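# Structural characterization, general
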Amino acid sequence: MSLYQLQKLLYHVNRDAERREIYRKSPQEFVKRYELTEQEAQAVLNIDTRALYTLGVHSLLLRPFTLLNKVSNEDYGQALKGLE
Amino acid sequence: MPIVFACAASHAPGMTAWTEAAPKEQADKFLGNYKKLGERVAAAKPDVIVAITVEHWANFFLNSMPTFCIGRAEHYDGPVEEWLRIPKARVPGDAKLAAELIDACLDGGFDPMFSDELLLDHATFLPLHFLNPNMSVPMVPVILNTLTPPMPSAKRCFQFGEFLGQTLQRSDKRVAMIATGGLSHWPGEAKHGKINIPFDKRFLDNLITKDHASLMSYGYDEINTEAGSGGHEIRTWIALAGAVQSWKAELVDYEPVYPWATGCGLVAFNP
């Protein structure tokens, strides 16, 4: 588990336009820049809201990241259902 | 009387970004009161606004997370969020007052980080939109870490606010102090949308009755459980209560606005 690296990736995508462009061009290549487990890399590549949340990503990193990836409020809420 | 005005206010982004999602009557009443607070700020003719505020990963990350940070920049750009429906602006900073505050802190037993470049997100820009609508009054942001643990204790925030208040009272400038954040909300969490009205009312009651012992005793776990991750922002209000602790707190408005997913409060402090 490398939550720091995982959150760093989201922070960079959210806040750094140049890195965001690189991420958009090739997510597969982009995730290799961070020391992620296979599970973490897959959660990023699949934009798996529930997996990222349960891995411990801060909600205010996760929501902007999912918004950039066009996850609607409804889908976001649905993904977290039962985790209250 | 160097501190000429003080108020605490919530900064739920829905207030501007999705205003119309809230019941019109509720939104009009709350935002009307927010604007009236802005008129009171203008009437106090401040030379500078000292904002006890927070941020949401706008500048800082876990590689370098200050517990307290005082902005010493010549200006501040914001809001970071493209979708906030608040025009981009550059707010002048008061670097001289900031430097004086930092010096006073280091001489007085507080060791804040300082920064000569900070972006402002909705936490600061939304209150400024209502309280400094022309973005013309220079400001000094004082950022508390309420984002990620470990956070400063409520007691330490009160004491930090007390120290800032004592220092600013000696300033030759007319200072408006604002605190921003809270009340209960769970942004982006599984419980997003929940509002804990009893918690919010108890906290507001602590402010109004000047129950400083209770304000200083709010703990991380208690806030996290009862007021959500966003509830930690009440530390800014607690710091302001420390800054103007002899003043009387006046509840201007409280509305639990579900479409904004936040218990929204406005409190003014009167000498």
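Here the structure is shown first, and the text comes after it.
Residues numbered from 1 in each chain as written. Chains lettered and ligands numbered in written order. Predicted model: local features only at pLDDT ≥ 70, side-chain atom pairs only at ≥ 80, totals over all residues. Heavy atoms only, no water.

This part takes up the overall build of chain B. Within chain B one finds nine helices and 10 strands. Projected onto its principal axes, the C-alpha coordinates of chain B cover approximately 45 × 40 × 40 Å. Sequence-distant contacts, at least 24 apart, represent 81% of the contacts inside chain B between residues at least 6 apart. Accessible area for chain B stands at about 10100 Å²; split by element, carbon and sulfur atoms hold 53% of it. Charge centroids of chain B, computed over 23 positive and 31 negative side chains, lie 5 Å from each other. (Helix = DSSP H or I, 4+ residues; strand = E, 2+ residues; numbered from the N terminus. Contact = heavy atoms within 4.5 Å. Areas by Shrake-Rupley, 256 points an atom, 1.4 Å probe, with all protein chains shown as cover. Lys, Arg positive; Asp, Glu negative; His and termini not counted. Charge placed at Lys NZ, Arg CZ, Asp CG, Glu CD.)

In total, this model carries 14 salt bridges over all chains according to the counting rule given. A salt bridge links Glu29(A) to Lys32(A); its shortest N-O distance comes to 3.0 Å. Of the residues examined, Lys32(A) reaches a relative accessible area of 61% and is grouped as exposed. Here Asp28(B) and Lys24(B) are joined by a salt bridge, their closest N and O atoms 2.5 Å apart. Taken together, the residues Asp28(B) and Lys24(B), both in helix α2 (residues 24–43) and four residues apart, mark about one turn of the helix. We classify Lys24(B) as exposed; its relative accessible area is 61%. Salt bridges sharing common partners tie together Lys29(B), Asp253(B) and Glu255(B). (Salt bridge = Lys/Arg side-chain N within 4 Å of Asp/Glu carboxyl O. Buried < 20%, exposed > 50% of the residue type's maximum accessible area, 1.4 Å probe, protein only.)

Attention shifts here to the interface of chain A and chain B. Interfaces are often sized by the amount of accessible area the parts lose when they come together. Taken residue by residue, the interface counts 15 residues in chain A and 17 residues in chain B. Both faces combined, the contact of chain A with chain B buries some 1400 Å², and carbon together with sulfur accounts for 64% of it. Interface area lost by chain A to chain B is led by Tyr11(A), Arg15(A) and Leu60(A), which between them contribute 38%. Where chain A meets chain B, there are zero salt bridges. (Buried area = accessible area lost by both parts, 1.4 Å probe.)

As a further point, take helix α5 (residues 154–169) of chain B. Given a rise of 1.5 Å per residue, 16 residues ought to cover 22 Å, and the 22 Å separating the end C-alpha atoms of α5(B) matches this to within 8%. Listed in full, the buried residues belonging to α5(B) are Ala154(B), Cys157(B), Phe158(B), Phe160(B), Gly161(B), Phe163(B), Leu164(B), Gly165(B), Thr167(B) and Leu168(B). (Expected span 1.5 Å × (residues − 1).)

Looking now at the nonpolar core. All names here are of chain B. One finds Met-177, Phe-203, Leu-240 and Phe-269 to be the most contacted residues of the largest nonpolar core, which totals 51 residues. In this structure Met-177 touches Ile-3, Phe-5, Ala-6, Cys-7, Val-50, Ile-52, Leu-168, Leu-240 and Ala-243, once residues within four positions along its chain are discounted. Ala-51, Phe-60, Leu-131 and Val-137 belong to the second-largest nonpolar core, a separate cluster that totals 42 residues. (Core = buried A, V, L, I, M, F, W, Y, C linked by side-chain atoms within 4.5 Å.)

Let's shift gears to the pairing of strand β10 (residues 262–270) of chain B. Residue and element names in this part refer to chain B. Buried residues dominate β10, accounting for eight of its nine residues. Here strand β1 (residues 3–9) pairs with β10 via four bridges, running antiparallel. The partner of Cys-7 across the bridge, within β10, is Ala-268. Sheet analysis places strand β9 (residues 248–257) next to β10, joined by nine bridges and oriented antiparallel. Bridged to Asp-253 within β10 is Leu-266. Hairpin connection of β9 to β10: four residues between the antiparallel strands, including Ala-261 at a positive phi of 60°. (Pairing = 2+ DSSP bridges.)

Residues and elements named next belong to chain B. Closest axis-to-axis distance for the helix α6 (residues 197–208)/helix α9 (residues 234–243) pair is 11 Å, and the angle between their directions is 15°. With respect to α9, the axis of α6 lies roughly parallel. Seen along the crossing, α6 lies across α9 with a hand that is left-handed. Two secondary-structure elements touch here, α6 through Phe-199, Phe-203, Leu-204 and Leu-207 and α9 through Ile-234, Trp-237, Ile-238 and Ala-241. Class assignment for the residues of the contact of α6 with α9 results in eight nonpolar, no polar and no charged. (Axes fitted to C-alpha atoms, helices over the stretch in contact; angles between N-to-C directions. Parallel < 35°, antiparallel > 145°, perpendicular 65-115°, else oblique. Left-handed = near helix turned anticlockwise from the far one by under 90°. Nonpolar A, V, L, I, M, F, W, Y, C, P; charged D, E, K, R; others polar.)

This part takes up the packing of aromatic side chains. Counted under the stated rule, the structure contains 15 aromatic pairs over all chains. Each ring, one from Phe110(B) and one from Phe163(B), has its centre 5.3 Å from the other, and the planes form 40°; the classification is tilted. Taken together, the positions of Phe110(B) in the loop between α3 (95–108) and β6 (113–115) and Phe163(B) in helix α5 put the pair 53 residues apart, joining distant regions of the chain. Ring pairs connect the aromatic residues Tyr4(A), Tyr11(A), Trp57(B) and Phe61(B), which therefore count as one cluster. When the ring centre of Tyr76(A) is taken as reference, the NZ or CZ atom of Arg63(A) above it lies at 4.5 Å. (Phe/Tyr/Trp six-rings, centres within 6.5 Å; stacked < 30°, edge-to-face > 60°. Lys NZ or Arg CZ within 6 Å of the ring centre and 35° of its normal.)

Residue and element names in this part refer to chain B. Following the sequence through the fold, Asn-33 ends up in helix α2. Using a relative accessible area of 15% as the deciding quantity, one classes Asn-33 as buried. Beyond its immediate chain neighbours, meaning those up to four positions away, Asn-33 contacts Val-252, Asp-253 and Leu-266.

As a further point, take the layout of surface pockets. Taken as a whole, the second largest pocket holds about 270 Å³ of empty space. If you trace the second largest pocket, you find 17 residues lining it, with Val57(A), His58(A), Ser59(A), Glu189(B) and Ser229(B) closest to the centre. In terms of residue class, the lining of the second largest pocket is made up of eight nonpolar, eight polar and one charged. (1 Å grid on protein atoms, 1.4 Å probe; cavity = no way out; pocket = protein on both sides within 12 Å on 5 of 7 lines; lining within 4 Å. Points joined across faces, edges and corners; volume = space filled by probe spheres on them.)

Geometric values such as these leave the question of function open.
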